[in-house]
Structures are given as C-alpha cells and as structure tokens.
Amino acid sequence: MTQIIKKLVKNTAFNTVGYFWSLLVSFFLTPYIIINIGVANFGIWAIIGAVISYFSLADVAVHQPLIKYIAEFHAKKEHYEINKIINVVFLICLLLSILILVVGLLLVNPILGFFKITPELKANAFFAFKLGLIAFGVKNLFSVFHTLLVGLQRFGIINKINIYVSILNVAGTILFLEKGYGLHGIMINALIITIIDSLIVLIVSIKIYPPLKLFSCPLNKDVFKKILSFGIVVRITELAGFINDSIDKLLIGHFLSINMVGLFEIGQRAVNKFRSLLFCLIAPIMPATSEISASHKKEELVNFYIKGTRYFNFIIFPCMLFLFLTAGMFMFLWMGYSLGPNHRIPIGVMRILIAGMTVNFITAMGYNIAIGVGKPDIPLKSGMVMLILNIGLSVPLIIKYGFWGTIVGGAIAVFIGSIVFIALFNKWLNISNFFFFKHTVAIPLIATIVAGLVTYLGRMGTLLFYLEFFSRLKGFEIFIVSGIVFMGVYLYIVLRSNYFDKSEIAFLKNIWLRKFSS
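Residues numbered from 1 in each chain as written. Predicted model: local features only at pLDDT ≥ 70, side-chain atom pairs only at ≥ 80, totals over all residues. Heavy atoms only, no water.

Section: the overall build of the chain
The helix and strand inventory of the chain stands at 20 helices and zero strands. Within the chain, the proportion of its 518 residues that are buried is 53%. Intrachain contacts of the chain at a sequence separation of at least 6 include 86% that bridge at least 24 residues. Carbon and sulfur atoms make up 71% of the accessible area of the chain, which amounts to about 23100 Å² in all. (Helix = DSSP H or I, 4+ residues; strand = E, 2+ residues; numbered from the N terminus. Buried < 20%, exposed > 50% of the residue type's maximum accessible area, 1.4 Å probe, protein only. Contact = heavy atoms within 4.5 Å. Areas by Shrake-Rupley, 256 points an atom, 1.4 Å probe, with all protein chains shown as cover.)

Structure representation (structure tokens):
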C-alpha cells in the first residue's frame, strides 16, 4: 500500500505540473484567439466542441474499463491478457470512429440548423464541424494507446507529451491566425496537432511497453462482453457530465444567440481550467484503486477514500472560493477590456458554475474509486438524478428567465446529484455521512469561509469596486497579494486543527524533502 501511495503522489505531482502549463497556455492564448476571430466565431467554436462531445458518447466508455483492467493485469504481470483487451478496444474504436464520421457528415445540415447561426457565419460553422469530426475520429482511434499509458500509470510521460504538443499547438495557432485564416486556420491546426499527438503516443506506447502487439490475439467474445457491459454503465453515468458541460451552450445557441454562447463559453472555460486542476489530481486514482483492489481488503479502500478526499478538499475548497471572490478580478486580468460592456456576463457565469461544482468536487475521489473497484452502478444512479434534474430544470428556466435560467438549473442539478452520490457511496462503504463530513469537509470548509471573509473585508474587497481604474499590471499585484493573505489565513486554521494527523504530516514532509533533495 505504501508503494502504491508513493506512486500516486508522484503521478499527481506530474499531473499538477502539466495542469499549470496548460493553464498558462490557455490564459494567454484564449484572449489572443478571441481578438483575432471575434466572440461570434468563438461561440461557433464552442458549439462545435459541444456537439462533437455528444458524438463521443457512442464509444460506450471503453477507456474506463480498459484503464481498470490494464492496471490489474499489469500488477499481476499478465501481458497476454492486456493484449487481448487492447485488441478488442482498438477494434471497437475503429468501428465507432468510422460510424461517427459517416453519421456526422450526413447529419451536418440538421445539426447546425438547430442553432441560430447568422448566414454570414454558416460557412465557418460547416467547415469547422467537418474538420472537428475528422479530428475526433483520429483522436478516438488512437486513444487506446493513451489509455494504455494511463493504465500503466506513466503520467510523467503523458504530461511531457502534452507539453511538447501544446507548444506545437500554440505555434500553429499563432501562425494560422497571423496569416489571416481565422476560425478555418484554428480547425486546420487542431486536426494537424491531433494527428501528431496520436502518432507520438503510439510510438511512445510501443517503446514503453514492449509486450504490446496489435492484432496478435484472436478477438475474444468474453472480453468483448466484459468491456461492453462495464463500459455501457460507465457511459450512461458520464452522459450526465456531458449534458452538464454542454447543454447550456446548446440551449443558449438555440433560444438566444451565438454571441451569448461565446460569452458563456468564456466564463465556463475559466472555471473549467480550475476544474482541470482537480482532474489532473484525481487522474491517477482510478488505476491506483484497481491495483489496490487486486490485492487489498475493503478496509484499505475506506482508508484510501477518506484520506484522499481529505487531501483533495484541502486543495479544492480554498481554490474555488478564492476564484469565486476574485472572479471579476480574474476576468479583468485575463481578458482586459476586450469584451467591452458585456464583461460582467462571464463573471456571473463563473460564480454560478463554481457554486454548483464545488460540491461535485467532493465526490471526485469516491467516483474514481467506485469505477476502479467495479462499482459503476453507484455513479450511474447519482448521474441519472443529475441528468433528469438538468433537463427538467434548464429547459423551462431558459424559456422563462432567459440566459441565467439555464445556468442556475444546471448548477442545481449538479449540486443535488453530487449529494446523492455521497450518500450512496458512503452507504456502500458502511460510513456514516456525519463521519464523512466531519473528517473530510468541516475543517477546510470553515477555514475557507473565514479566510474569504478576512480577505474580502480587507483591502481586496475595497479595491474590487475600483479595479477598472487600474492597469492590468496593478491588477496582478492586487490578485497576488489577496491570494497570499487568503492562503495564509486558510493554512493557519487548517494546520492548527487536527485535520492531518502526525503520520500524514510526516509522510508528506518525507515526500517533499525527497523530491527537492534529489
């Protein structure tokens, strides 16, 4: 167990580095793209991404069970079993990529006709959709090799690839935009980068895992059934996530306008960049859990669950509340004055989404453990609650209240669905909800609220009202000082409490010293 936890900490550190690199790239690249293509074309880009994400639902989530089984079989050194399952998944991905490309190209007219796209932008939308579909097909086909690296827990290599490819992406984006190709150039660049990324992952996978042999095993009917039965349940669960991420854009694009989609996308993208921090932290959890479940008892999983949730809540609570308080400051530093009089709309989007997502983040550890131990029915039940509530609330609310109605509806659905998951998963582990709240939520929540009040009632609260009179450089100074004050108060409260016991503090210190002394 100790070796697994050390591996988990190392992989989390790799993912954190990759996340901050991605955040830095997006921080500077997104405003540059908006300035060059405009908010309307940015909205089209967001719509295309949302629609194509729905096509990805067709892959029946074969990658989650693939990660689980690769981690288990690799721990047992059963390489032939890994090859059997990879060959089945590769065939599934190939067939689905072809199917999605054909269906998507045939339905391009009715799909884009659903949205209020002005005539002068339709050509851009059609071109972007077609290239987006092709890029998706390529990425989906080669995704099996990325999944292999995840199952082998080689997150250091994955993040190195991501950083190198992102550099190429930035260079290509700037080149195409400076040449005046606009949205067309961005989509052409995206396709090129997808092909390069896929080939690199394939080559690295063969080098890292020599036993890998495509088409070396006969297609096994039992493996096929096992993958599909597990994957379909996971996919139904993930459907709620896809809807929560994209239904707002689809509804806004249908009932309102593409410009409003662009403004929503800016606010959502800001929150999603911080949500990516959580995803990069939890990405190693599922394969690690599969490895644990292969050789440890349920009591070890309970301990792993409580400790892991404590660590993640310790990071996520202060990050999300600080982002909530400084949403206006962050948007000013990110976009400057490029949004004109509409700059307050993305700020409101950020704050509503943060309110709903924060509770959802508490479930992250449990969700990955549930998938890792082969209990996808628990996320499925909570996901269906989220799905029904999202559709049931967002549609009538946007009709009655417009733009803000659908965003509030989605946030409520995420909040309630997350509470349902916590209750169900704690029941399966025989943990009381009070025990879970006391040991994982109470202290970081109280510390975050106190730190927020101290920071907001201090200099930051006053300066926020006059932020538009400052330069962006001065805004950065205010943002950094506010963050230091906020984190200082937060850390003082948490570390003075009994949130971490002595063994945990000693373990974390040992990991820290070993990393920086080597």
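Considering the packing of helix H6 (residues 155-178) against helix H7 (residues 182-208)
In contact at an axis separation of 9 Å, H6 and H7 are set at 155° when each is read in the N-to-C sense. With respect to each other, H6 and H7 are oriented roughly antiparallel. Relative to H7, H6 is oriented so that their crossing is right-handed. Across the contact of H6 with H7, the residue classes tally to 15 nonpolar, six polar and one charged. (Axes fitted to C-alpha atoms, helices over the stretch in contact; angles between N-to-C directions. Parallel < 35°, antiparallel > 145°, perpendicular 65-115°, else oblique. Left-handed = near helix turned anticlockwise from the far one by under 90°. Nonpolar A, V, L, I, M, F, W, Y, C, P; charged D, E, K, R; others polar.)

Concerning the pattern of salt bridges
Proximity of charged atoms lets side chains of opposite charge pair with each other. Going through the model one piece at a time under the given rule, you end up with two salt bridges. Of the charged contacts in the structure, one is a salt bridge between Glu-81 and Lys-84, with a shortest N-O distance of 3.4 Å. With Glu-81 and Lys-84 both in helix H3 (residues 79-106), this residue pair falls three residues apart, about one helical turn. Given the relative accessible area of 26%, Glu-81 is considered partly exposed. Given the relative accessible area of 14%, Lys-84 is considered buried. (Salt bridge = Lys/Arg side-chain N within 4 Å of Asp/Glu carboxyl O.)

What about the nonpolar core?
In this structure, Phe-129 and Phe-330 are the most contacted members of the largest nonpolar core, which totals 82 residues. In terms of nonpolar packing, the next biggest core, distinct from the first, is built from 32 residues, Ile-82, Val-144, Phe-145 and Ile-161 among them. (Core = buried A, V, L, I, M, F, W, Y, C linked by side-chain atoms within 4.5 Å.)

Digging into empty space enclosed by the protein
Per the counting criterion, the structure on display carries two cavities of 30 Å³ or more. One number sums up the size of the second largest cavity: a volume of about 50 Å³. Around the second largest cavity, the lining residues are Leu-23, Ser-26, Phe-27, Arg-269, Ala-270, Lys-273, Phe-330 and Trp-334. Sorting the residues of the lining of the second largest cavity by element identifies helix H1 (2-55), helix H9 (258-282) and helix H12 (327-335) as the ones contributing at least two each. Residue classes in the lining of the second largest cavity are distributed as five nonpolar, one polar and two charged. (1 Å grid on protein atoms, 1.4 Å probe; cavity = no way out; pocket = protein on both sides within 12 Å on 5 of 7 lines; lining within 4 Å. Points joined across faces, edges and corners; volume = space filled by probe spheres on them.)

Considerations on the packing of aromatic side chains
According to the stated counting rule, one finds eleven aromatic pairs in the structure shown. Here Tyr-305 and Phe-425 contribute two aromatic rings whose centre-to-centre distance is 4.9 Å and whose plane-to-plane angle is 85°, an arrangement assigned as edge-to-face. One end of the pair, Tyr-305, is in helix H11 (residues 298-325); the other, Phe-425, is in helix H16 (residues 403-428), with 120 residues separating them in the sequence. Judged on exposure class, the residue Tyr-305 and its partner Phe-425 are both buried. Between the aromatic rings of Phe-314 and Tyr-490, the centroid separation amounts to 5.7 Å while the plane-to-plane angle is 35°, which identifies the pairing as tilted. Taken together, the positions of Phe-314 in helix H11 and Tyr-490 in helix H19 (residues 472-496) put the pair 176 residues apart, joining distant regions of the chain. Note on accessibility: Phe-314 and Tyr-490 belong to one class, buried. Sitting over the face of the ring of Trp-45, Arg-269 holds its NZ or CZ atom 5.2 Å from the ring centroid. Directly above the aromatic system of Phe-324 lies the positively charged group of Arg-351, at a separation of 5.7 Å from the ring centroid. (Phe/Tyr/Trp six-rings, centres within 6.5 Å; stacked < 30°, edge-to-face > 60°. Lys NZ or Arg CZ within 6 Å of the ring centre and 35° of its normal.)

Considering the environment of Ser-432
Along the chain, Ser-432 falls in the loop between H16 and helix H17 (433-440). A distance of 3.0 Å separates a polar atom in the side chain of Ser-432 from the backbone nitrogen of Phe-435. (Polar contact = N/O pair within 3.5 Å; in protein donor to acceptor, adjacent residues only side chain to side chain.)

Quick look at helix H2 (residues 63-75)
With 13 residues, H2 extends 18 Å from end C-alpha to end C-alpha; this agrees with the ideal 18 Å at 1.5 Å per step. Taken across its 13 residues, H2 has eleven buried, putting it largely inside the fold. Residues His-63, Gln-64, Pro-65, Leu-66, Ile-67, Lys-68, Tyr-69, Ile-70, Ala-71, Glu-72 and Phe-73 constitute the buried set of H2. (Expected span 1.5 Å × (residues − 1).)

Notes on the environment of Phe-435
Relative to the elements of secondary structure, Phe-435 occurs in helix H17. In this structure Phe-435 comes out as partly exposed when scored by relative accessible area, which is 35%. It is 9.8 Å that separates the C-alpha atoms of Phe-435 and Ile-306, two residues lying 129 residues apart in sequence.

Looking at the side chain of Ser-394
As for its position among the elements, Ser-394 is in helix H15 (residues 377-401). Note on Ser-394: relative accessible area 0%, which makes it buried. With residues near it in sequence (within four places) discarded, Ser-394 still touches Asp-248, Leu-251, Leu-389, Thr-406, Gly-409 and Gly-410.

Description of a nonpolar patch on the surface
Nonpolar side chains collect at one region of the surface, where Leu-91, Leu-94, Leu-95, Ile-98, Leu-99, Val-102, Val-103, Leu-106 and Leu-107 lie side by side and expose about 770 Å² of accessible area between them. You can see Leu-99 is positioned in helix H3. (Patch = residues over 30% accessible without salt bridge, like charges linked within 9 Å, V, L, I, M, F, W, Y side chains within 5 Å.)

Things to note about the confidence of the model for the chain
Chain-level statistics for the chain give a pLDDT mean of 79 and a share of 80% at 70 or above. Confidence, read as mean pLDDT per element, is least for helix H20 (residues 502-517) in the chain (58) and greatest for H7 (91). (pLDDT = per-residue confidence, 0-100.)

A look at the packing of H15 against H16
In contact at an axis separation of 7 Å, H15 and H16 are set at 165° when each is read in the N-to-C sense. Regarding the angle of H15 to H16, the classification is roughly antiparallel. Like other packed secondary-structure pairs, H15 and H16 cross with a definite hand, here right-handed. For the contact of H15 with H16, the residue count by class is 20 nonpolar, nine polar and one charged.

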